[in-house]
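The lines below spell out each chain.
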Amino acid sequence: MNEKKYPRLLTAGDGCVVVEFGDAIDMEINSRVASLAAAVRKADFPGFLDTVPTYRSLAVYFNPATTDVDALYSKLGKMASCPDAGKEGGRRRIIVVPSLYGGEFGPDMADVAEHTGLTPEEVVTRHTAHDCYCYMLGFTPGYSYLGGMDPSLETPRLKNPREIIPAGSVAIGGKQTGIYSIASPGGWRLIGRTPMKMFDPDRDPAIFLEAGMWVRFRAIGKAEFDEIEAATAKGIYRPEILEEEAKP
Amino acid sequence: MTVPVFSVRVPGMLTTVQDSGRWGYQGKGMPVAGAMDMQAFALGNILVGNDENAAALEVTLMGPTLSVTEGEGVVAVTGADLGFKVNGGDVPNWTVVSVKTGDVLSFTAPRSGCRAYLCVSGGIDVPRVMESRSTYTRAKVGGLEGRALKKGDTLRCGEPAPLWKRCEGLVCPEALRPVRDPAAPLRVIPGPQDDLFTEKGLASFYGAEYVVSNSADRMGYRMDGEPIEHTGAADIISDAIPLGAVQVPGHGQPIVMLADRQTTGGYTKIGVVCSVDVASLSQRLPGATVRFVKIPLKDAVELVCGEAKARETLREFRAAWRSGTRAVSAPVLSEHASPSCGEAILRVDGKKHVISWEEIGEVE
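Residues numbered from 1 in each chain as written. Chains lettered and ligands numbered in written order. Predicted model: local features only at pLDDT ≥ 70, side-chain atom pairs only at ≥ 80, totals over all residues. Heavy atoms only, no water.

Chemist: How would you sum up the interface of chain B and chain A? Please name residues and give values.
Modeler: Taken residue by residue, the interface counts 41 residues in chain B and 43 residues in chain A. Between chain B and chain A, a total of about 3,100 Å² is buried, with carbon and sulfur atoms accounting for 65% of that surface. Inspection of the chain B/chain A interface yields one salt bridge. When the shortest N-O distance is used, the salt bridge between A:Arg8 and B:Asp195 registers 4.0 Å. Only β12 (186–190), β15 (235–240), β18 (264–273) and α4 (297–322) of chain B provide two or more residues apiece to the side of chain B that touches chain A. Looking at the side of chain B that touches chain A element by element, the count peaks at six residues for α4(B). For the side of chain B that touches chain A, the class distribution of residues is 26 nonpolar, 10 polar and five charged. (Contact = heavy atoms within 4.5 Å. Buried area = accessible area lost by both parts, 1.4 Å probe. Salt bridge = Lys/Arg side-chain N within 4 Å of Asp/Glu carboxyl O. Helix = DSSP H or I, 4+ residues; strand = E, 2+ residues; numbered from the N terminus. Nonpolar A, V, L, I, M, F, W, Y, C, P; charged D, E, K, R; others polar.)

Now the structure itself:
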């Protein structure tokens, strides 16, 4: 196989070009995707439609009838080679996701505890202790691809996936953890539920989470769950979003 | 005079409110949705005097029956010919007709194509969700409660453009209508992962004939045919899925991703069907045969620009029509007319005018 040179531009049809920074799930590569996404949105060139940051590449959507496509390709090539394009500094933005663990909302907690050899309390402690990095959103509206779960919590997926998993379910699937943003089928182990809506089309913003943010799970009790759920139903709940210096 | 209100008597097979799509939120996992045949949709809006992005009804195969319970407006159907009728009388596609309280709009049976656009002056007025009125049923977003129409629904229209009434009778010239030849190959721009297929795999894709399977909906069309061979694994690290992307999972059968596609995915994409032909594919049905041919990016962009030009030309044509220069008959010469002397009859908007001329010798 010939060695690929990064960053590279990939044609993805007549209305999209992909800038690829590597071929791995890696925070350094992903942070370059985030930087370019910010720079492209700031540049706001004529014909610009949308950006989709993913693990290792940025898709830029445009209207070919109103875009100088050659000029766009060369501009993106230059922007991608400049590593600091749009960089927002080394601060972490952390969204706090309140979660009620175990009980009726975490029917697989016992299985996770058994598989990992931990007590349910330890599972909660470890799940809330490590911030998880949001590499990208996709799959369903507001669904985040998170990395950085405590490796000791790794638990295989269910052999028979559930037909419907309620929105807000906090789950573990293999090495990954995630939050179901809308009700959908799935095979991850459910350990809890957040009362906040990861996706609410009638709210502005409909989705709080962005690629490049960090997720911090916080264990809550039933009383707080009910409180947040009520505020969410009224559309007034706003999650805590913290800014912290990145740890070296 | 009030804007039209429609009551849904029969919902049809799959009738949804669509506009040009929900752009700007794909980075948060929100699919674009929007009209499947974007050009037919935009031309329909131009015909009825709207902004080209106004919400319309996307009608699939078996159309709805709607009654006008209030108001008046103009409507036009574009795209597939699904047998549109007003009060039981045939109304050809691409033609603007007026409708008023008591009228009944219906569709009989599909004659050609799969998706038609029923465009109304003022557009369908449903709340905008994330800046768009497009229905995305999987997440119950947009349109009418995020779903297809059902019996008993009420649809209101927005404020029409000032000259809407003058659009009545306007017909989109044939030359400006998109050609959706069901036998034409789909033109594909190679990439982004064409390097993950073998020579044999690429030869299958560009050489073999595929058939649209029964798994064909607004999200994507799965094809059946010669399996396409990968160099290695069929999976990649998930990346963005553009409109028209041809995904090839491990089973080797191509899937063309359409309006309701998920924003990201982990299958290799051998190429992307050019935007103009995405619309063409969306007018085909399960069982239709499909061939793929390569097209350079530059040529695909030219095709898109050609469609933009057609919309521009239709807007100019509409302006001329509305300014009243429309009903001008060809002059009819009188019996004894000659280059030096004669008469001709000209009709403008049905009114008769007589033009006479007489050559006068040069004045010395």
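Chemist: Please set out the pattern of salt bridges residue by residue, giving values where relevant.
Modeler: Residue and element names in this part refer to chain A. This model, assessed by the stated rule, comprises 36 salt bridges over all chains. Note that arginine 91 is salt-bridged to glutamate 243, the shortest N-O span being 3.0 Å. Of this pair, arginine 91 sits in strand β5 (residues 91–101) while glutamate 243 is found in strand β14 (residues 241–245), placing the two residues 152 residues apart along the sequence. Judged by relative accessible area, which is 44%, arginine 91 ranks as partly exposed. (Buried < 20%, exposed > 50% of the residue type's maximum accessible area, 1.4 Å probe, protein only.)

Chemist: Could you give an account of the sheet that holds strand β2 (residues 16–20) of chain A, with specific residues and numbers?
Modeler: Residues and elements named next belong to chain A. In spatial order, the strands read β1-β2-β4-β3; together these four strands make up an open sheet with antiparallel pairing. Both outer strands of the open sheet, β1 (8–11) and β3 (48–53), are each paired with one neighbouring strand and no more. For this sheet the average axis-to-axis angle between neighbouring strands, irrespective of direction, equals 20 degrees. Here five bridges tie β3 to strand β4 (residues 57–62), and the two strands are oriented antiparallel to one another. Opposite phenylalanine 48, over in β4, you have phenylalanine 62 as the bridge partner. (Pairing = 2+ DSSP bridges. Axes fitted to C-alpha atoms, helices over the stretch in contact; angles between N-to-C directions.)

Chemist: Run through the domain arrangement of chain B, naming residues and quoting values.
Modeler: Residues and elements named next belong to chain B. Per the domain assignment, the segments making up chain B are domain 1 (5–176) and domain 2 (186–295). Taken residue by residue, the interface counts 21 residues in domain 1 and 15 residues in domain 2. Of the roughly 1,500 Å² buried where domain 1 meets domain 2, counting both sides, 50% is carbon and sulfur surface. Considering only the side of domain 1, the residues that lose the most area to domain 2 are Met36, Arg115 and Arg138, jointly responsible for 38% of the buried surface there. At the junction of domain 1 with domain 2, the criterion picks out two salt bridges. Between arginine 138 and aspartate 217 there is a salt bridge whose closest N-O contact spans 3.3 Å. The interface formed by domain 1 and domain 2 holds 10 residue pairs in polar contact (both at pLDDT 80 or more) in total. At the level of elements, β5 (72–81) and β10 (112–120) are the ones that each hand at least two residues to the side of domain 1 that touches domain 2. If one sorts the elements of the side of domain 1 that touches domain 2 by residue count, β10 sits on top with three residues. Taken together, the residues that form the side of domain 1 that touches domain 2 break down as 10 nonpolar, seven polar and four charged. (Domains from an automatic or database assignment. Polar contact = N/O pair within 3.5 Å; in protein donor to acceptor, adjacent residues only side chain to side chain.)

Chemist: How would you explain the packing of helix α1 (residues 38–47) of chain B against α4(B) if you had to name every residue and give the values?
Modeler: The relative placement of two packed helices is expressed as an angle between their axes plus a distance between the axes. Residues and elements named next belong to chain B. At a minimum axis distance of 10 Å, the contact between α1 and α4 shows a crossing angle of 15 degrees. Between α1 and α4, the angle falls in the class roughly parallel. The interaxial crossing formed by α1 with α4 has right-handed handedness. Contacts between α1 and α4 involve Gln39, Ala42, Leu43, Asn45, Ile46 and Leu47 on the former and, on the latter, Glu307, Ala310, Arg311, Leu314, Arg315 and Arg318. Taken together, the residues of the contact of α1 with α4 break down into six nonpolar, two polar and four charged. (Parallel < 35°, antiparallel > 145°, perpendicular 65-115°, else oblique. Left-handed = near helix turned anticlockwise from the far one by under 90°.)

Chemist: Can you explain the packing of aromatic side chains? Please cite residues and give values.
Modeler: One pass over the structure, following the stated rule, counts 15 aromatic pairs over all chains. Relative to A:Tyr135, the ring of A:Tyr133 lies with its centre 5.0 Å away and its plane at 85 degrees, an arrangement referred to as edge-to-face. Geometrically, the ring pair formed by B:Phe205 and B:Phe292 is stacked, given 4.4 Å between the ring centres and 25 degrees between the ring planes. Of this pair, B:Phe205 sits in helix α2 (residues 199–207) while B:Phe292 sits in strand β20 (residues 292–294); the two residues are 87 residues apart in sequence, bridging distant segments of the chain. As far as burial versus exposure is concerned, B:Phe205 and B:Phe292 are alike and both buried. Ring-pair connections join several aromatic residues into one group, and the members of that group are A:Tyr55, A:Tyr133, A:Tyr135, A:Phe139, A:Tyr143, A:Tyr145, A:Tyr180 and A:Trp214. If you follow A:Arg92 out to its NZ or CZ, it ends over the ring of A:Trp214, 3.5 Å from the centre. It is B:Lys294 that lies over the ring of B:Tyr206; its NZ or CZ is 5.2 Å from the centre. (Phe/Tyr/Trp six-rings, centres within 6.5 Å; stacked < 30°, edge-to-face > 60°. Lys NZ or Arg CZ within 6 Å of the ring centre and 35° of its normal.)

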